[in-house]
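Understanding the architecture of this molecule
Residues per chain are reported as follows:
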Amino acid sequence: MGRIVLVSQRHDQLVSLIMKRVPDAVAATNFDLELQAGDVLCWLPRENEFVDDEVQELATLIDRSLFPPAKIVMLSLAGTADDASEQQLRQWYGKQAMQFVFAYQYAIKMIDEFELPYTIIRSIPLSDKEIPTQIVTEGEPLTGEKVGINQVAQVIERAVTTDEFKNQSIGIAPLESEK
């Protein structure tokens, strides 16, 4: 297995939490990098990024790379898999929520079309609090207000280091008792 390459411009602690769990991971702020054989690419965009533009940069990286990523893991906001209502999305992400959801849906479709192993991790907004979570399958509703950033880092670690969620879109939501 190659490196775990985290691509992110996030301002929270998610990247550092993942790097503590996966010490040989490397971080980059964009897709202007060189992939090595066996690299797992983990894209951690912010909720309000227009990822439809950035996925084109990912496509360029894949096209110009001698070695394609062994797997792509992407953190997505909720709403891309019929898992939240428009009202919930606006509550979580503001009045531009649907624009962000459409951008994420486009990026996810592009990742699917690369025909590489992938995992999409859909999450409601993150909190610094410890909030017990559960994995939700595609199409099941994501509810609650927030999920714990440490718990999201744990799920991302599983996704980048194992094949447990290969070619799946999974959701992260608070346990029923925590909602």
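The structure we're discussing is the one just above.
A short tour of the structure in this document, coming up. Computed from a predicted structure; not experimentally measured.

This brings us to the sheet that holds strand 9 (residues 168-174). Working definition: the strands of a sheet are paired by backbone hydrogen bonds and lie parallel or antiparallel to each other. Read across the open sheet, the 7 strands follow the order 2-1-3-4-5-9-7; overall the sheet is mixed. Each having just a single partner strand, strand 2 (26-28) and strand 7 (133-137) make up the two edges of the open sheet. Taken over all neighbouring pairs, the strand axes of this sheet differ in orientation by 25° on average, direction set aside. Summarising the sheet, strand 3 (residues 40-43) and strand 4 (residues 71-77) pair through 4 bridges and their orientation is parallel. Bridge pairing in strand 4 links W43 to M74. Relative to the sheet, helix 2 (residues 51-64) contacts strand 3 and strand 4, its axis offset from that of strand 3 by approximately 165°. Here helix 4 (residues 97-113) sits on the sheet in contact with strand 3, strand 4 and strand 5 (118-123), set at roughly 165° to strand 4.

Taken as a whole, this structure holds 1 cavity of 30 Å³ or more when the rule is applied. By volume, the largest cavity is sized at about 70 Å³. Looking at the largest cavity, the residues that line it are R10, P45, R46, E47, L75, S76, L77, Y104, S123, I124 and L126. Top element by residues in the lining of the largest cavity is strand 4. It accounts for 3 residues. Here the residues of the lining of the largest cavity are counted per class, giving 6 nonpolar, 2 polar and 3 charged.

Within strand 4, 7 of the 7 residues are buried, which leaves it mostly tucked inside the rest of the structure. Judged by which residues are buried, strand 4 turns out to be covered on both faces: K71, V73, L75 and L77 on one side and I72, M74 and S76 on the other are all buried. Both strand 4 and strand 5 contribute to a ladder of 6 bridges, which runs parallel. Residue S76 lies in a different strand from strand 5, and its bridge partner there is R122.

Inspection of the secondary structure puts S169 in strand 9. The exposure class assigned to S169 is buried, which follows from its relative accessible area of 12%. At a separation of 2.7 Å, a polar atom in the side chain of S169 contacts the side chain of R122. If we skip the residues at most four places from it in the chain, S169 touches A81, I120, R122, T137 and E138.

We now examine the side chain of K71. Inspection of the secondary structure assignment puts K71 in strand 4. Among the polar contacts listed, one links the side chain of K71 to the backbone oxygen of A159, at a separation of 2.6 Å. With sequence-adjacent residues up to four places away left out, K71 is seen in contact with D39, V40, L41, P117, Y118, T119, A159, V160, T162 and D163.

This part is about the pattern of salt bridges. Under the counting rule described, the total for this entry stands at 11 salt bridges. Residue E157 pairs with R21 through a salt bridge whose shortest N-O separation is 2.7 Å. Note that E157 is positioned in helix 5 (residues 149-161) and R21 in helix 1 (residues 14-21), a separation of 136 residues in sequence. For R21, a relative accessible area of 35% corresponds to the partly exposed category. A salt bridge links R64 to D32, with the shortest nitrogen-to-oxygen separation between them at 3.8 Å. With R64 in helix 2 and D32 in the loop between strand 2 and strand 3, the pair connects residues that are 32 residues apart, well separated along the chain. Judged by its relative accessible area of 66%, D32 falls in the exposed class. Residues joined in a network through salt bridges with shared partners are D32, E34 and R64.

Calculation rules
Residues numbered from 1 in each chain as written. Predicted model: local features only at pLDDT ≥ 70, side-chain atom pairs only at ≥ 80, totals over all residues. Heavy atoms only, no water. Pairing = 2+ DSSP bridges. Helix = DSSP H or I, 4+ residues; strand = E, 2+ residues; numbered from the N terminus. Axes fitted to C-alpha atoms, helices over the stretch in contact; angles between N-to-C directions. Contact = heavy atoms within 4.5 Å. 1 Å grid on protein atoms, 1.4 Å probe; cavity = no way out; pocket = protein on both sides within 12 Å on 5 of 7 lines; lining within 4 Å. Points joined across faces, edges and corners; volume = space filled by probe spheres on them. Nonpolar A, V, L, I, M, F, W, Y, C, P; charged D, E, K, R; others polar. Buried < 20%, exposed > 50% of the residue type's maximum accessible area, 1.4 Å probe, protein only. Polar contact = N/O pair within 3.5 Å; in protein donor to acceptor, adjacent residues only side chain to side chain. Salt bridge = Lys/Arg side-chain N within 4 Å of Asp/Glu carboxyl O.

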